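# Per-entry structural report
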Amino acid sequence: MSAMSPHFRLPALLLVALCALALPARAQDDETKDEKSKDEEAEVRSGQGLLEDYEGEVTGRGLWYSNREKAGRYLEYRDLPRGGVLDLFRFQNRRKVDDLYYFKAEGRDVSQEDQRVDLSAGRYGMFDLNVRWDRIPHRFGNDAITLYRGIGTGRLTIDDTVQQDLQAATNANNQAFRLGRHLDESQHLRGLDDVMLQREQVHGDMKWYWWDPLRLSLDVDFERRDGVRPTFGSFGFANTVQILEPIDYQTFGTRAAVSYAQGPVDAEGWYRLQTFNNGEESLTWDNPFRLTDSATLGPATGRMALDADNQMHELGLKSGYQIAERTRVSGNASWAFTRSSTDLQPYTSNTALVRTRTLSPPFDAFDPAALGQHQFTGKKFTQNYDLNFTTRPWDPVEFKAYDRYQVVNDLRETIAFPGHVRTDSTWLNAAPTIAPESYDRSKAVGGLKTTVHLPWILSRLKPGYEFEAIFRDGRQVETTYEHESSLDLETDWLDWLSTDVGFAYGHRDARDFTPPEAAEALR
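Here goes a summary of the coordinates provided. Here the structure is a predicted model, which means the values were calculated and not measured.

Scoring rules and cut-offs
- Residues numbered from 1 in each chain as written.
- Predicted model: local features only at pLDDT ≥ 70, side-chain atom pairs only at ≥ 80, totals over all residues.
- Heavy atoms only, no water.
- Pairing = 2+ DSSP bridges.
- Helix = DSSP H or I, 4+ residues; strand = E, 2+ residues; numbered from the N terminus.
- Salt bridge = Lys/Arg side-chain N within 4 Å of Asp/Glu carboxyl O.
- Buried < 20%, exposed > 50% of the residue type's maximum accessible area, 1.4 Å probe, protein only.
- Expected span 1.5 Å × (residues − 1).
- Polar contact = N/O pair within 3.5 Å; in protein donor to acceptor, adjacent residues only side chain to side chain.
- Phe/Tyr/Trp six-rings, centres within 6.5 Å; stacked < 30°, edge-to-face > 60°.
- Arc of directions from axis to C-beta.

Working definition: the strands of a sheet are paired by backbone hydrogen bonds and lie parallel or antiparallel to each other. Overall, mixed pairing links the three strands, which are arranged E7-E13-E14 in an open sheet. Two strands in the sheet have a free side with no partner beyond their single neighbour: strand E7 (155–156) and strand E14 (301–305). Bridge count between strand E13 (residues 282–286) and E14: five bridges; the pairing is antiparallel. When the bridges of E14 are listed, Trp285 appears paired with Gly302.

The following block contains the structure:
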């Protein structure tokens, strides 16, 4: 065999060298492809795991309607904006046997004025958490017209030129004509959204089971109402106007409880707090027909107090005991203290009721300093006691005996005034003492209810008796006794049809009657 030509030796060496270099490059490419394949498989597995562990849902739709202003009744408690809306979204984990935790988020009518969002989460056997946010609109009308400015505030005003023109009217027909002309020239509210309330509610509750059979729970509620609602104001018995009351309410409530349940015994103790705050203490509005105050024709403005701030504290206990398999006794007791406070309004807003007039008050009735006392505080203490006993000594017959007792003590103070102003125009030296409208009372209720099962006619016979006694202080009738006997027959004819035929007879005995004049004197 002859030797290789020198002309071919160099290309051959280059080919061998290129092959040698290509082998590791090919190996590197294979390794890169393998790693990429593994990553892709991991991503696929991860996606599959995500789909296996979680689930979600989103629902939307498009809306269009011709005239929203004429849909007042339909939109009274709902919101339907034009365009796209998100009806529902939900996202949660798929619950499995070996899961420790769970969660769920759900929203309805999201981004609308009547939306609701619910969240829940927890660890099985350890704790549960639930939160809800809810919005509810309340529309009272559409295409409203008003002379007033300052809608949504505690001071409603009318242009002085309008009041002066209406005050100068020569008779009722001329006044009605002028009023109609001013209404035509007055502001038109923008529509539904101007005469409405918007209510927002937040609720949250959490329960802990770490120390089972001892459990803890906490509930929190918050509500805010903002907007206006129609009401009436007057300047005498026959002179009334429709006005818009400002609403700026905040209500807060919470309840903390400790409970125990094991074997035949269960018990719970709780504390509850509720508060109410009103951002507007009073409402003052202009009289459309008077620019100036008059002792005979009425005031130029009207005023009324709005809902007062208040709070309530409650302590409670309840327990039960399973005496036997079919016999149980239970009871509860609660004590609640309620307190309310508000600033007192002057006798009148009419600046013409001054001490210099004949038959005038002994002071300037419109001056807040004339009250002597500028704030009123109301207090009430309520006690409730319940006792229940149920037993089923044999299959056809059940007995339930109960007793309830309630005591209400009105701790509000009595305020003495030298008189009062009637219809913002007349001072009366009457009613020297204004006492609370409420009164001390106690109420006892006891009864026995029996249920006799009649399976052969698919019926239940329920005879019962109840006795009620009410005791009042400072009322015309201080003591009332009432007896009631009843008999009911309930029959289940079909799965979807049942009847209840009953008869009741009651007798009320009123004692310790006091004439109205003497009862008023006692108050």
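By the definition in use, this model includes 27 salt bridges. In this structure, Arg326 engages Asp395 in a salt bridge whose closest nitrogen and oxygen atoms are separated by 2.7 Å. Separated by 69 residues along the polypeptide, Arg326 in the loop between strand E15 (309–324) and strand E16 (327–343) and Asp395 in the loop between strand E17 (375–394) and strand E18 (397–410) bring together distant segments of the chain. The exposure class assigned to Arg326 is partly exposed, which follows from its relative accessible area of 38%. Each of Glu57, Arg90, Lys104, Glu106 and Arg108 takes part in salt bridges that share partners, so that together they form one network.

This paragraph deals with helix H3 (residues 172–185). Turn by turn, an α-helix covers 3.6 residues, leaving residues three or four places apart pointing in a common direction. Between its terminal C-alpha atoms H3 stretches 20 Å, which fits the 20 Å expected from 14 residues at 1.5 Å a residue. Where H3 begins, one side-chain oxygen reaches toward the backbone nitrogen of Asn173, 3.1 Å away; that side chain belongs to Asn171.

Let us now look at the packing of aromatic side chains. Each aromatic ring pair is characterised by the separation of its centres together with the angle its planes make. All chains considered together, the criterion is met by 13 aromatic pairs. Note on Tyr54 and Phe91: the rings are 5.8 Å apart at their centroids and 15 degrees apart in plane angle, and the pair reads as stacked. With Tyr54 in strand E1 (residues 54–63) and Phe91 in strand E2 (residues 83–93), the pair connects residues that are 37 residues apart, well separated along the chain. Taking the relative accessible area as the measure of exposure, Tyr54 reaches 32% and is therefore partly exposed. A relative accessible area of 38% places Phe91 in the partly exposed class. Between Tyr102 and Tyr124, the ring centres sit 5.2 Å apart and the planes meet at 35 degrees, which makes this aromatic pair tilted. Separated by 22 residues along the polypeptide, Tyr102 in strand E3 (residues 101–110) and Tyr124 in the loop between strand E4 (116–123) and strand E5 (127–139) bring together distant segments of the chain. Judged by its relative accessible area of 37%, Tyr124 falls in the partly exposed class. By way of ring pairs, the aromatic residues Tyr347, Phe363, Phe417 and Trp427 are connected into one cluster.

Within the sequence span of helix H2 (residues 160–167), burial applies to Val162, Gln163, Asp165 and Leu166. One side of H2 holds all its buried residues, which, seen down the axis, span an arc of 165 degrees. What points out from H2, more than 90 degrees from its buried face, is the exposed set Thr161 and Gln164.

Moving on, we come to the pairing of strand E9 (residues 196–208). Two elements, E5 and E9, share 13 bridges in a ladder whose sense is antiparallel. The residue bridging Ile136 from the neighbouring strand is Arg199, located in E9. Sheet topology note: the E9/strand E10 (residues 214–234) ladder contains twelve bridges and is antiparallel. Residue pairing for E10: Arg199 is matched across the bridge by Arg225. Hairpin geometry of E9 and E10 is characterised by an intervening segment of five residues between the two adjacent antiparallel strands.

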